[in-house]
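Okay, here's what each chain looks like letter by letter:
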Amino acid sequence: MKLIKIAQLIGVVEKNIPDSEINWLLTDSRSLSFPTESIFFAIRTARNDGHNYILELYKQNLRYFVVSKILLEFNELADAVFLKVNDTLVALQVLAAAHRGSFNIPVIGITGSNGKTVVKEWLYQLLHSDYHIVRSPRSYNSQIGVPLSVWALNENTELGIFEAGISEMHEMEHLQAIIQPTIGVFTNLGDAHQENFSGLKQKCEEKLKLFTQTDTLIYCSDNKLVEISITQSNLKAKLFSWGKSEMSILRILNIQKVSDITEVNLKYAGSEFNVSIPFSDEASIENALQCIAVMLYLGLKTDEIAKRILLLESVAMRLEVKDGVRDCMIINDSYNSDLNSLNIALDFLNQQATAKNLSRTLILSDILQSGQSADALYKRVAELVKSKNILRIIGIGTEISKHADKFQLIEKDFFNTTEDFLKLAFVREFQHEIILLKGSRKYHFEHISEKLELITHETILEVNLNALVDNLNYFRSKLRPETKVMCMVKAFAYGSGSVEVARTLQHHHCDYLAVAVADEGAELRQEGIRIPIVVMNPEKGSFGMIFDNKLEPEIYNFRLLDTFIASTEKLGLTDYPIHIKIDSGMHRLGFEQEDMPQLLIRLQEQSQVKVRSIFSHLSGSDEVRFDDFTKLQVTVFNACADQISSAFSHHIMRHILNSAGIERFPEFQFDMVRLGIGHFGISALSEVNLKQVCALKTIILQIKNVKAGETVGYSRKGIINTNKLIAVIPIGYADGFDRKLGNGVGEVLINGKRAKVIGSVCMDLCMVDVTDIEAKEGDQVEIFGDHLTISEVASWLKTISYEVLTSISRRVKRVYFQE
């Protein structure tokens, strides 16, 4: 949609609005991928304000903003376009509603207390062969998520499937105007987010507002409150009920569970038919029946429905199952803790416990937003826990702890906070149990599911963040102002600690970060890193983490490309940013030059992914002897990049330079460069002295007098020819101090003097000769730093600085400072 059209639709009358095409609506600054085609809505919430991220987005070349206030600093953004409205959220919703109104297609709107996302995803699984479907990504069912979902409708869409969630009165009418469903699905009614409603009936009536203009409403008539509310709402929709009642349009005649399969006998339009649902829990049966009703309404034959239902796959969303220590299994459902979802999760726990013969344990937080008195609520919780045969409950939170007496005839422990629970030793004593973690996000149950152990250690790695920034600015001085910088923070930011380094780089306007694996990127997202993050080695098993954390994968061959496209399609995503890797001569990962024709065909025939950048690796940019080969690599890379870029209308960034390349080949900087080891003070130019960022330090634990003829360390390799003073220091190969540094190869610095390593390096300790040094126990020891460089240590080991840095164990405490 043209920017000028957007301005008109949201009620902005401005002159000189550019005739720009906008394809992406942005509300989360972390999601920026295509700045020239995006517009940012600066939405203000109770906890955040989108206006605070405009300067940062501007520096990432975003120029179009919908705002509700003009800050003084915006005056410096000369070419930015600000569309000022009273309420940016309302503007977003108005725009999405106008966009929806331009499509005359069937749209399924789904609401209810539970099951919305599963029903939506299952409908996609069941119908995607019949329709070109656009659906809500993940659980985009909020006042912000719904308009972003509906915006994805395009000229090829034949069916829309969107879910709508509310937590208070008067929200649904906004979502109805955006989704404008022609077919409605009401999943069920429970007490989640009950606190803002006077009762279940009021909440039901509010949810039903989604269906004020639908042609048909599909629902389960077994819930009498829902049935009565629908009748009293006087909806114009044709009602398609299903359930056990003889009056139901789709009638359940019989349900029989056989192992993990549920056989259901149904009657529709006077004829009986059978379906086999490949699940046995009550929630899945209910969700599958909703889908069967939708397919019948859409005209599918019963035999075809039965075939498709049998092929349903589980939907990975909020509930995670992981193997635990000591033969335990962990079910992580730390999303919300209302009674309905607790009941569903306990059903799943029982199913898994029976199959694996495990004892049942529930770790439950305070249940928030229930709308009930605490006394009545926890009485019901206790009854539910008893009915599900839970053998042990651990309650976390002040409210559930107050009602501990309601949990009878069960092993129980209660704590006010998650931290209190984690302090106790029995956290590590679970064995042969299936443990359900069921809690609201505020209780951070992820800390319970993680196996974390804090280790105190007198060896530290000091990280000078000022030096990091100074080195970044040195490399920036080699670049044009518009050239972007991707900073490599893989391998724990080269051993220095990825989170603090990433925070510093983000603060100093790094354009992109890059990690090796998705776990590294997810950790950064959890710590509040918002700028784009590229995953250099994406694995199929990590795609969910990539999507959840809005990470951008490197794609280096057809197998990975096809697998990732299939995964994005399964989630209903389009234009997901990817980065294409070209093998220009290093012969590690990447598409070959002869792959370009086939690659273009594959990219052009789909809409799930969109190429954000094309890049390659230089194999010898730091050595003069390889300069001709470096230039040949650039030539090959450019040829491949030209072919890809010419096939698409949007701008695709190029980058090939690493740290050494920035210094030695700035003419090939293209759109972006990748800065790695240069951050940490390593230069390819002998005349350049960058600042050392990392300093590995320890202390002297003990000093010993060792007489001539005695030996030091394992295998008696440290032979003493004359009387010596030997200092023992708490660093060993488990800390990253390589064993090859033993027996006089390596040195350390104590009080300005060098001390050679004596004997073999042990796992946790090593010994050094301090005979000629004024030293005492407790004195500081520099392993590397300002006076004994990483490069020198690397030379002793006949390796590279990268290996020295990345070998520093995580048990070594990182200490960050700014001068």
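Residues numbered from 1 in each chain as written. Predicted model: local features only at pLDDT ≥ 70, side-chain atom pairs only at ≥ 80, totals over all residues. Heavy atoms only, no water.

**Notes on the overall build of the chain**
Phase 1: For the chain, the count of helices and strands is 26 helices and 38 strands.
Phase 2: In terms of C-alpha radius of gyration, the chain reaches 31 Å, essentially the compact-globule figure of 28 Å for 819 residues.
Phase 3: Principal-axis analysis of the C-alpha atoms gives the chain an extent of 100 × 70 × 50 Å.
Phase 4: Within the chain, contacts between residues separated by at least 24 positions form 64% of all contacts whose residues are at least 6 apart in sequence.
Phase 5: Carbon together with sulfur atoms contributes 49% to the accessible area of the chain, which is approximately 36,000 Å² in total.
Phase 6: Each charge sign in the chain was given a centre, from 88 positive and 102 negative side chains, and these centres are 2 Å apart. (Helix = DSSP H or I, 4+ residues; strand = E, 2+ residues; numbered from the N terminus. Rg over C-alpha atoms; globule rule 2.2 N^0.38 Å. Contact = heavy atoms within 4.5 Å. Areas by Shrake-Rupley, 256 points an atom, 1.4 Å probe, with all protein chains shown as cover. Lys, Arg positive; Asp, Glu negative; His and termini not counted. Charge placed at Lys NZ, Arg CZ, Asp CG, Glu CD.)

**Here's the deal with the layout of surface pockets**
Phase 1: Taken as a whole, the second largest pocket encloses approximately 660 Å³ of empty space.
Phase 2: Only α17 (490–494), α24 (659–664), β28 (672–675) and α26 (801–806) provide two or more residues apiece to the lining of the second largest pocket.
Phase 3: No other element matches α24, which puts three residues into the lining of the second largest pocket.
Phase 4: Looking at side-chain class alone, the lining of the second largest pocket contains eleven nonpolar, nine polar and six charged residues. (1 Å grid on protein atoms, 1.4 Å probe; cavity = no way out; pocket = protein on both sides within 12 Å on 5 of 7 lines; lining within 4 Å. Points joined across faces, edges and corners; volume = space filled by probe spheres on them. Nonpolar A, V, L, I, M, F, W, Y, C, P; charged D, E, K, R; others polar.)

**Some remarks on the confidence of the model for the chain**
Phase 1: In this model, the chain carries an average pLDDT of 90, and 94% of its residues clear a pLDDT of 70 or more.
Phase 2: Here residues 451–456 is modelled with pLDDT under 50, and outside its nearest four sequence neighbours on either side it reaches four contacts, counting other chains as well. (pLDDT = per-residue confidence, 0-100.)

**Here's the deal with the pattern of salt bridges**
Phase 1: One pass over the structure, following the stated rule, counts 39 salt bridges.
Phase 2: Of the charged contacts in the structure, one is a salt bridge between Asp-79 and Arg-63, with a shortest N-O distance of 2.9 Å. Of the two residues, Asp-79 sits in the loop between β3 (64–67) and β4 (81–84) while Arg-63 sits in the loop between α2 (54–59) and β3, which places them 16 residues apart along the sequence.
Phase 3: Beyond isolated ion pairs, a larger network of salt bridges with shared partners links Lys-120, Glu-121, Arg-135 and Glu-163. (Salt bridge = Lys/Arg side-chain N within 4 Å of Asp/Glu carboxyl O.)

**Focus: the packing of aromatic side chains**
In this description, a pair of aromatic rings is defined by centroid distance and the angle of the planes.
Phase 1: Taken as a whole, this structure holds 17 aromatic pairs when the rule is applied.
Phase 2: Consider the rings of Phe-547 and Tyr-576, whose centres lie 5.2 Å apart with planes at 90 degrees: the pair is edge-to-face. Of this pair, Phe-547 sits in helix α20 (residues 543–548) while Tyr-576 sits in strand β25 (residues 576–582), and the two are 29 residues apart along the sequence. Here the two residues Phe-547 and Tyr-576 agree in accessibility, since each one is buried.
Phase 3: By the ring-pair criterion, three or more aromatic residues cluster together here, those being Phe-40, Phe-65, Phe-74 and Phe-82.
Phase 4: Looking at Arg-63, its charged tip hangs above the ring of Tyr-58, at a distance of 3.7 Å from the centre. (Phe/Tyr/Trp six-rings, centres within 6.5 Å; stacked < 30°, edge-to-face > 60°. Buried < 20%, exposed > 50% of the residue type's maximum accessible area, 1.4 Å probe, protein only. Lys NZ or Arg CZ within 6 Å of the ring centre and 35° of its normal.)

**As for the environment of Asp-333**
Phase 1: Examined against the element boundaries, Asp-333 turns out to sit in the loop between β15 (329–332) and α11 (339–356).
Phase 2: A relative accessible area of 9% places Asp-333 in the buried class.
Phase 3: Put simply, Asp-333 and Leu-749 are 416 residues apart on the chain and 51 Å apart in space, counted from C-alpha to C-alpha.

**Some thoughts on the sheet that holds strand β36 (residues 766–769)**
Phase 1: The mixed open sheet is built from nine strands, whose spatial order is β30-β33-β36-β35-β34-β37-β29-β20-β38. Both edges of this open sheet fall to β30 (702–706) and β38 (813–817), since each of them pairs with a single strand only. Each neighbouring strand pair of the sheet contributes to a mean axis angle of 35 degrees, computed without reference to strand direction.
Phase 2: Where strand β35 (residues 753–758) and β36 come together, two bridges link them in antiparallel fashion. Residue pairing across strands places Val-757 opposite Val-768, the latter belonging to β36.
Phase 3: Here helix α16 (residues 465–476) sits on the sheet and contacts β20 (460–464) and β38; the angle it forms with β20, its principal contact strand, is near 45 degrees. (Pairing = 2+ DSSP bridges. Axes fitted to C-alpha atoms, helices over the stretch in contact; angles between N-to-C directions.)

**Thoughts on helix α19 (residues 518–526)**
Phase 1: Buried within α19 we find Ala-518, Glu-520, Gly-521, Ala-522, Leu-524 and Arg-525.
Phase 2: Elements that come into contact with the buried residues of α19 comprise α17, α18 (498–507), β22 (512–515), β23 (533–535) and α20.
Phase 3: Gly-528 lies just past α19 and shows a positive phi near 90 degrees.

**Remarks on the packing of helix α7 (residues 200–208) against helix α8 (residues 224–233)**
Phase 1: Contact geometry of α7 with α8 gives a least axis separation of 10 Å together with a crossing angle of 55 degrees. Considering their axes alone, α7 and α8 lie oblique with respect to each other. Read as a crossing pair, α7 and α8 show a hand that is right-handed. Every residue of α8 that contacts α7 at Leu-200, Lys-201, Cys-204, Glu-205 and Leu-208 is listed here: Leu-225, Val-226, Ser-229, Ile-230, Gln-232 and Ser-233.
Phase 2: For the contact of α7 with α8, a count of residues per class yields six nonpolar, three polar and two charged. (Parallel < 35°, antiparallel > 145°, perpendicular 65-115°, else oblique. Left-handed = near helix turned anticlockwise from the far one by under 90°.)

**Some thoughts on unusual backbone geometry**
Leaving glycine out, the prevailing phi sign among residues is negative, and the prevailing peptide bond configuration is trans.
Phase 1: A positive phi is found at Tyr-494, a non-glycine position, where the angle reads about 55 degrees.
Phase 2: Here Tyr-494 lies in helix α17.
Phase 3: Given a relative accessible area of 6%, Tyr-494 falls into the buried group.
Phase 4: The backbone of Lys-798 sits at a positive phi, close to 55 degrees, despite the residue not being glycine.
Phase 5: Tracing the sequence through the fold places Lys-798 in the loop between α25 (790–797) and α26.

**Remarks on the nonpolar core**
Burial of nonpolar side chains together is a common tendency in soluble globular proteins.
Phase 1: Ranked by internal contacts, the top residues of the largest apolar core, which has 114 residues, are Leu-513 and Phe-784.
Phase 2: Element by element, the count of residues in this core is highest for α16, at six residues.
Phase 3: In this view, Phe-784 contacts Leu-461, Cys-694, Ala-695, Leu-696, Thr-789, Ile-790, Val-793, Val-804, Leu-805 and Ile-808; residues no more than four positions away in its chain are not counted.
Phase 4: Counting 39 residues, the second largest nonpolar core, distinct from the first, contains Ile-110, Leu-123, Tyr-124 and Leu-127. (Core = buried A, V, L, I, M, F, W, Y, C linked by side-chain atoms within 4.5 Å.)

**Considering the sheet that holds strand β12 (residues 261–268)**
Where strands meet in a sheet, backbone hydrogen bonds hold them as pairs that are either parallel or antiparallel.
Phase 1: Strands sit in the order β6-β7-β5-β8-β9-β10-β11-β12-β13 across an open sheet of nine strands; the sheet is mixed. Both outer strands of the open sheet, β6 (133–135) and β13 (271–277), are each paired with one neighbouring strand and no more. The average angle at which neighbouring strand axes cross in this sheet is 20 degrees, direction not considered.
Phase 2: Bridge count between strand β5 (residues 107–111) and strand β8 (residues 183–186): four bridges; the pairing is parallel. Following the sheet pairing, Thr-111 is matched in β8 by Phe-186.
Phase 3: Along the sheet, α8 contacts β8, β9 (216–220) and β10 (238–243); its crossing angle with β9, the most-contacted strand, is approximately 160 degrees.

**Notes on the environment of Leu-571**
Phase 1: Residue position: Leu-571 is located in the loop between α21 (558–570) and β25.
Phase 2: On a C-alpha basis, the gap between Leu-571 and Gln-125 in space is 10.0 Å, while along the polypeptide they are 446 residues apart.

**Examining the state of the cysteines**
Phase 1: A complete count under the given rule lists zero disulfides for this structure.
Phase 2: Between Cys-291, a cysteine without a disulfide, and Cys-220, which holds the nearest cysteine sulfur, the sulfur-to-sulfur distance is 13 Å. (Disulfide = S-S within 2.5 Å.)

**Section: the packing of helix α3 (residues 88–101) against helix α6 (residues 172–179)**
Phase 1: Between α3 and α6, whose axes approach to 7 Å, the crossing angle comes to 35 degrees. Where α3 abuts α6, its residues Gln-93, Ala-96, Ala-97 and Arg-100 lie against His-174, Ala-177, Ile-178 and Ile-179.
Phase 2: Here the residues of the contact of α3 with α6 sort into five nonpolar, two polar and one charged.

**Observations regarding the pairing of β13**
Phase 1: Relative to β13, β12 is paired through seven bridges, and the arrangement is antiparallel. The partner of Thr-262 across the bridge, within β13, is Ile-277.
Phase 2: Counting the residues between successive antiparallel strands, the hairpin from β12 to β13 contains two residues, one of them, Ala-269, with a positive phi of roughly 50 degrees.

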